[in-house]
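A look at the structure
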Amino acid sequence: MREAKQLRLNRTSNYMKRYWTLYLMLLLPIAFIIIFRYIPMAYILNAFKVNNILRPPWELPWAGNNGFEWFIKAFRSRDFLFALRNTFMLNILDLVIGFPAPILLALLLNELSFKRFKRITQTVVYLPHFLSWIIISGLALRLFAPNDGFVNIILARMGRNTIPFLNDPAHWVGSYVTLGIWKEAGWNTIIYLAAITAISPELYEAAAVDGASRLRRIWHITLPGLRPTIIILLILSLGRILGSDFDRPFALGNKMVRSVYNVISIFVYEYGIKGMQFSLSSAVGLFQSAVGVVFLFSANALAKRYGERGVW
Amino acid sequence: MIRSKSNKIGDVVIVAMCVLLIFICVVPLLNVLARSLSSTEALIRNEVLLWPKGWNVEAYQTVLDDRVFTTSLLWTAMLTVICTVVSMSLTILCAYPLIYDNLKGRKLINSVFVLTMYFSAGIIPNYLLYKALGLLDKPTVLILPNALSVFNMILLRSFFFGIPESLRESAEIDGAGPIRILLRIYLPLSTSVLATLALFYAVGRWNGFSDALMYMQRNKQYYPIQLLLYNILQNTTQIEVATQEGFFAPGLSETLKMASVMFATVPIILVYPWLQRYFIHGVTIGAIKG
């Protein structure tokens, strides 16, 4: 009995002698994640407490309506309902129009048979991904300026009417989606191109022997080969359907299109950071995170049910 | 491969589409570059599309003479270097121990990190934490809170997993400890993915502004370049010299804006093509398995 204990102790001390440095390495990252990712979760409590900008939420009394006052207030606020609608609308448009773009682009790039030209094309189409939304808003303001922007100068020279790309809600939504594709479609081809290289070349050779045309090869070999990748990325985007990027609407928005650029993240910034309504905006943030998790898990379950691998 | 005639026509169509694509990607940049280098009169006459007219580098000179702008540019460069070093260190320190499968508590530690990718507290709870920690309005708020990206950590860990375990085992038999193995085997074998992650962190910091906007509202001297650029574009901040010397010509303030955009863009255009061959490899590790 004692010997066994001694042996176990020895083994533990050997183990610690060997691996204590690994735990030491993990010390900083774990401290980081606890301080900056888990402790903030305690402040979510704010959503259920009375609004007070000076004291931490655990010292405050509960809000009215069993603590749910702020959620009720949010859903009665016109601004929040607009933000909710806009978030859904912009994300769904991004999904429907933006999601297929990199797939088509990858198919196009994959058919390019000149190696050097392919590399140059790739370098150029990846570039917008590395530009910030502020820079892109600067480019877009110029490109789409009502009277002297590039596109409108050309439209005017062609004798057409100019278009208020960024100053009218409906056109702004179109510009928002287009610029999103401009920025990310090229970059997002990387994953698809990598998946295409994993498709067995024998399939293409067999198809060539059978005399399949280019379009038939794409339709019957490349696209089915991309199916798992497409599904996984689709799940991830579905999980983000209520997520909202802050940089993009903030950089592109202006007063004239407030009715459409006001998404949840902008709402939280304006009411919370600028307006000091911590409780209301915490409630909105919590609602958004919770719905996001639900969406992600449901999309994953759905994919598994239809026989795909899913993210987990 | 058998090349038929229809195939050749297809090739031409594909090349033409790619040329169009390249054009769409560079037009906005060329347009801004051309306008930043043109004379005011040419701009007012709407003559400038993709090539500068009435060559004029005054705007660049004016922006470079602006103390606020150049300070912000240098500060952002410095911040980017600091953040990249801190973030890379944390990422390596986190990813490496998690590949030892006999490390006790590995599963738990792992899930502690991964969970944060699905659920995060949000803007206001973060704001309140920084306030409690005294980070609000301090430049450190731009460095610490996003020092470690769990996504990047997982990318690096997947790459480490791809390095044969036998290498590690034989080094262990030779008496090398974990740190030595990391420095001598793992890091030298992972240069491509390390370069990729460093690029991601650096670009993220160079392009980031929302943290400064939300958590550093009252400390304008530490505004990163993107936030300053936003204010310039929105006309809330003007290039100092322009207002001092009383330039009111709309054309000039226009070229100043365009030149400012170029200053924020050029560092990225200079750095990223050199790293392209690394990051394509780096991006795909985590994403596709089988």
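Residues numbered from 1 in each chain as written. Chains lettered and ligands numbered in written order. Predicted model: local features only at pLDDT ≥ 70, side-chain atom pairs only at ≥ 80, totals over all residues.

1. Re the overall build of chain A
To be explicit about the condition: Each helix is a run of DSSP H or I of at least 4 residues and each strand a run of E of at least 2, with the numbering of both proceeding from the N terminus. In this description the radius of gyration comes from C-alpha coordinates, and the expected globular size is given by 2.2 Å times residues to the power 0.38.
Looking only at helices and strands, one finds 14 helices and zero strands in chain A. Helices (α) and strands (β) of chain A occur, in sequence order from the N terminus, as α-α-α-α-α-α-α-α-α-α-α-α-α-α. Its C-alpha atoms give chain A a radius of gyration of 26 Å, more than 25% over the compact-globule value 20 Å for 312 residues. In terms of overall dimensions, chain A has C-alpha extents of about 80 × 60 × 35 Å along its principal axes.

2. Some thoughts on helix H9 (residues 178–189) of chain B
All names here are of chain B. Basically, it comes down to this: Expected helix span is given by 1.5 Å per residue-to-residue step, counting one fewer step than there are residues. Between the buried cut of 20 or more and the exposed cut of 12 or fewer other C-beta atoms within 10 Å of a residue's own C-beta lies the partly exposed class, and all C-beta atoms are placed from the backbone. It is the directions from the helix axis to the C-beta atoms that the arc portrays.
An ideal rise of 1.5 Å per residue puts 16 Å on 12 residues; H9 measures up with 15 Å between its terminal C-alpha atoms. Where H9 is concerned, the buried positions are Pro178, Leu182 and Tyr186. One side of H9 carries all its buried residues, which in axial view fall inside an arc of 45°. Turned more than 90 degrees away from the buried face of H9, the exposed residues are Leu183, Arg184 and Pro188.

3. Let's talk about helix H10 (residues 191–207) of chain B
The end-to-end C-alpha distance of H10 of chain B, which contains 17 residues, comes to 24 Å, matching closely the 24 Å that a straight helix rising 1.5 Å per residue would cover. With 13 of 17 residues buried, H10 of chain B lies mostly within the body of the structure.

4. Some remarks on the domain arrangement of chain B
Accessible area lost on assembly of the parts is the figure often given for the size of an interface. All names here are of chain B. Filter applied, for reference: Either an automatic procedure or a domain database provided the assignment from which the domain bounds are taken. Once C-beta atoms have been placed from the backbone, residue pairs whose C-beta atoms lie within 7 Å are recorded as contacts. As a working rule, the residues Ala, Val, Leu, Ile, Met, Phe, Trp, Tyr, Cys and Pro are called nonpolar, Asp, Glu, Lys and Arg charged, and the rest polar, with Gly in that last group.
Partitioning chain B into structural domains gives domain 1 (5–44) and domain 2 (59–287). A separation of 31 Å is found between the C-alpha centroids of domain 1 and domain 2. On the side of domain 2, 10 residues touch domain 1, which itself brings eight residues to the contact. At four residues, the largest contribution of residues to the side of domain 1 that touches domain 2 is made by helix H1 (residues 5–36). The residue makeup of the side of domain 1 that touches domain 2, split by class, is four nonpolar, three polar and one charged.

5. Details of the interface of chain A and chain B
Counting residues at the interface gives 66 residues for chain A, matched by 72 residues for chain B. Classifying every residue of the side of chain A that touches chain B by side-chain character gives 46 nonpolar, 14 polar and six charged.

6. Thoughts on the environment of isoleucine 33 of chain A
Residue position: isoleucine 33 of chain A is located in helix H1 (residues 2–42). Given 21 C-beta atoms within 10 Å, isoleucine 33 of chain A falls into the buried group. Those residues in contact with isoleucine 33 of chain A that lie beyond four places of it in its chain are Tyr38 of chain A together with Val112, Phe113 and Thr116 of chain B.

7. Some details on unusual backbone geometry
Residues and elements named next belong to chain A. In this model, asparagine 65 sits at a positive phi of 50°, which is unusual for a non-glycine residue. By C-beta crowding, asparagine 65 is classed as exposed, having 12 other C-beta atoms within 10 Å. At asparagine 66, a position not held by glycine, the phi torsion is positive, near 60°. When you line up the elements, asparagine 66 lands in the loop between H1 and helix H2 (69–76). What makes asparagine 66 exposed here is the crowd of 8 C-beta atoms within 10 Å.

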